[in-house]
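In case you want the letters, here they are:
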Amino acid sequence: PVRICYIAAQAFIYAAVDCLQAMADSVSELTSAYVPNVIARATMEAGAQAWWLLEPQIGARRRVIRSVLIRAASARYLEKAATELDPVTGAAASYGESPAMVADYARVLDITFANTKINGIKRWACETELLPGYTERARKFQQATFAPAAYSIYSGAAHAELYSVA
């Protein structure tokens, strides 16, 4: 199971590298800061996911639990998108891992997780682990990589804030 976690982290790292390659391909003397900042936001998101999975000193069980929580959240988002595409069947499993598939995998590992409200916010939780939201995870990543304000700058671009497009 811990190897599956490392494979997931590797997928996030590959996604970050793909983003960096896209950034290199898209930047020229005519490019504004907007394009690389949008791509940098995606890079940071993928890097933050990998970092959270690979955080040092957490041990194998916590690493596997984190992997399950990421998979559960991803499966839920995929299910939502699949349902929007096809309201009749909403077959998430046709596109990737379904919530039921993640639950079955976790059950085999004797891992119980839930999407519960904590302080009024829905969070994926298992034992001592809480899946951080996008902003929380990215801010912790930027702190760990000594990149202050990066997430705010890149988020401005991702949301097309005026300061990022002008």
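Residues numbered from 1 in each chain as written. Predicted model: local features only at pLDDT ≥ 70, side-chain atom pairs only at ≥ 80, totals over all residues. Heavy atoms only, no water.

What's the story with the packing of aromatic side chains in this structure? I'm lost.
The description of an aromatic ring pair rests on the distance of the ring centres and on the angle between the ring planes. In the structure shown here, the tally under the stated rule is 3 aromatic pairs. Aromatic pair Trp 51 and Phe 141: ring centres 6.2 Å apart, planes at 55°, arrangement tilted. Taken as a pair, Trp 51 in helix 2 (residues 34-54) and Phe 141 in helix 5 (residues 134-144) lie far apart in primary sequence, 90 residues in all. Overall, Trp 51 belongs to the partly exposed group, its relative accessible area being 22%. Taking the centre distance of 6.4 Å and the plane angle of 25° together, the rings of Tyr 77 and Tyr 134 count as stacked. (Phe/Tyr/Trp six-rings, centres within 6.5 Å; stacked < 30°, edge-to-face > 60°. Helix = DSSP H or I, 4+ residues; strand = E, 2+ residues; numbered from the N terminus. Buried < 20%, exposed > 50% of the residue type's maximum accessible area, 1.4 Å probe, protein only.)

Can you walk me through the packing of helix 1 (residues 2-26) against helix 2 in this structure?
Between two packed helices, what matters for the description is the angle formed by their axes and the separation of those axes. Relative to each other, helix 1 and helix 2 sit at 165°, their axes nearing to 8 Å. The pairing of helix 1 with helix 2 is recorded here as roughly antiparallel in orientation. Of the two possible hands of crossing, helix 1 and helix 2 adopt the one that is left-handed. When grouped by side-chain class, the residues that make up the contact of helix 1 with helix 2 number 21 nonpolar, 4 polar and no charged. (Axes fitted to C-alpha atoms, helices over the stretch in contact; angles between N-to-C directions. Parallel < 35°, antiparallel > 145°, perpendicular 65-115°, else oblique. Left-handed = near helix turned anticlockwise from the far one by under 90°. Nonpolar A, V, L, I, M, F, W, Y, C, P; charged D, E, K, R; others polar.)

It is not clear to me how the pattern of salt bridges should be interpreted in this structure. Could you clarify?
Between side chains of opposite charge, a pair can form as their charged atoms come close. Counted under the stated rule, the structure contains 9 salt bridges. A salt bridge links Glu 129 to Arg 66, with the shortest nitrogen-to-oxygen separation between them at 2.8 Å. Taken as a pair, Glu 129 in strand 3 (residues 129-130) and Arg 66 in helix 3 (residues 59-85) lie far apart in primary sequence, 63 residues in all. Each member of the pair Glu 129 and Arg 66 is classed as buried. Look at the salt bridges and you will find they share partners, linking Glu 55, Arg 62, Arg 66 and Glu 129 into a network. (Salt bridge = Lys/Arg side-chain N within 4 Å of Asp/Glu carboxyl O.)

Quick question: what am I supposed to make of the environment of Thr 83 here?
In this fold, Thr 83 is placed in helix 3. Of the polar contacts made by the side chain of Thr 83, one reaches the backbone oxygen of Glu 79; its length is 2.8 Å. (Polar contact = N/O pair within 3.5 Å; in protein donor to acceptor, adjacent residues only side chain to side chain.)

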